[in-house]
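Summary of structural features
Single-letter residue listing:
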Amino acid sequence: MSGFLTTHVLDTARGQPAEGVQIALFRLGETGVERIARAVTNADGRTDTPILPAAGFAPGRYELVFSVGAYFRATGQAGAEPVFLDEVPVRFGISDASSHYHVPLLISPYGYSTYRGS
């Protein structure tokens, strides 16, 4: 049985899912960094499919980069330029190839948090 990786973005300032956030997923290896996926959040703040499905899932080091600055501009929350948060990188490790890893991001224009969800 192979695992998979999902994510979602919640706008805590507005109290709703963050639709339209662009996300890039990178694999961090000994020979460098490789972008392996791109996605955009839907109306529920999630990607339509796992950002790393079972077919490409493997233990290792990864980084999700959430382009929240464009989202804040689009929703009128950006404030003065340059925005305080533009891209939020989240580095994490996958050690169990059979597990579901869920990495959500909770955002506001001036802060964020993340955790390993279920």
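In the block above lies the structure referred to throughout.
Residues numbered from 1 in each chain as written. Predicted model: local features only at pLDDT ≥ 70, side-chain atom pairs only at ≥ 80, totals over all residues. Heavy atoms only, no water.

Another aspect to go through is the side chain of Ser108. Looking at the secondary structure, you find Ser108 in strand β9 (residues 105-108). The residues touching Ser108, leaving out its near neighbours within four places in the chain, are Thr12, Ala13, Phe72 and Leu85. (Helix = DSSP H or I, 4+ residues; strand = E, 2+ residues; numbered from the N terminus. Contact = heavy atoms within 4.5 Å.)

This part covers the nonpolar core. With 28 residues, the main nonpolar core has Leu5, Leu25, Phe66, Val68 and Phe92 as its most contacted residues. Of all the secondary-structure elements, those providing two or more residues to this core are β4 (22-29), β5 (32-40), β6 (60-67), α1 (68-74), β7 (87-94) and β9. It is β7 that provides the largest number of residues to this core, a total of four residues. Residues within four places of Leu25 in sequence aside, it is in contact with Leu5, Glu34, Arg35, Ile36, Ala37, Ile51, Leu52, Tyr62, Glu63, Leu64 and Phe92. (Core = buried A, V, L, I, M, F, W, Y, C linked by side-chain atoms within 4.5 Å. Buried < 20%, exposed > 50% of the residue type's maximum accessible area, 1.4 Å probe, protein only.)

Glancing now at the environment of Asn42. Tracing the backbone through its elements, the reader meets Asn42 in the loop between β5 and β6. Sequence separation between Asn42 and Pro53 is 11 residues; the distance between their C-alpha atoms is 17 Å.

What follows concerns the packing of aromatic side chains. All told, the structure shown has four aromatic pairs when counted by the stated rule. Where Phe57 meets Tyr101, the ring centres are 6.0 Å apart and the plane angle is 40°; that geometry is what we call tilted. Residue Phe57 is found in the loop between β5 and β6, and its partner Tyr101 is found in strand β8 (residues 100-102); the two are separated by 44 residues along the sequence. We classify Phe57 as buried; its relative accessible area is 9%. The exposure class assigned to Tyr101 is buried, which follows from its relative accessible area of 5%. The residue whose ring lies beneath Arg116 is Tyr101, and the NZ or CZ to ring-centre distance is 3.7 Å. (Phe/Tyr/Trp six-rings, centres within 6.5 Å; stacked < 30°, edge-to-face > 60°. Lys NZ or Arg CZ within 6 Å of the ring centre and 35° of its normal.)

In the sheet, β4 pairs with β6 via seven bridges, with the strands oriented antiparallel. Note that in β6 the partner of Leu28 across the bridge is Arg61. (Pairing = 2+ DSSP bridges.)

Per the stated rule, a full pass over the model turns up four salt bridges. Of the charged contacts in the structure, one is a salt bridge between Arg91 and Glu63, with a shortest N-O distance of 3.0 Å. Taken together, the positions of Arg91 in strand β7 and Glu63 in strand β6 put the pair 28 residues apart, joining distant regions of the chain. With its nearest N and O atoms 3.9 Å apart, the salt bridge here joins Asp86 to Arg73. Of the two residues, Asp86 sits in the loop between α1 and β7 while Arg73 sits in helix α1, which places them 13 residues apart along the sequence. Judged by relative accessible area, which is 39%, Asp86 ranks as partly exposed. For Arg73, a relative accessible area of 39% puts it in the partly exposed group. Look at the salt bridges and you will find they share partners, linking Arg73, Glu81 and Asp86 into a network. (Salt bridge = Lys/Arg side-chain N within 4 Å of Asp/Glu carboxyl O.)

With that settled, consider the sheet that holds β7. Hydrogen bonds between backbone atoms are what pair the strands of a sheet, whose relative direction is either parallel or antiparallel. With antiparallel pairing, four strands are arranged side by side in an open sheet as β5-β4-β6-β7. What marks the edges here is a single partner per strand, and that holds for β5 and β7. Ignoring which end each strand starts from, the neighbouring axes of this sheet average 20° apart. (Axes fitted to C-alpha atoms, helices over the stretch in contact; angles between N-to-C directions.)

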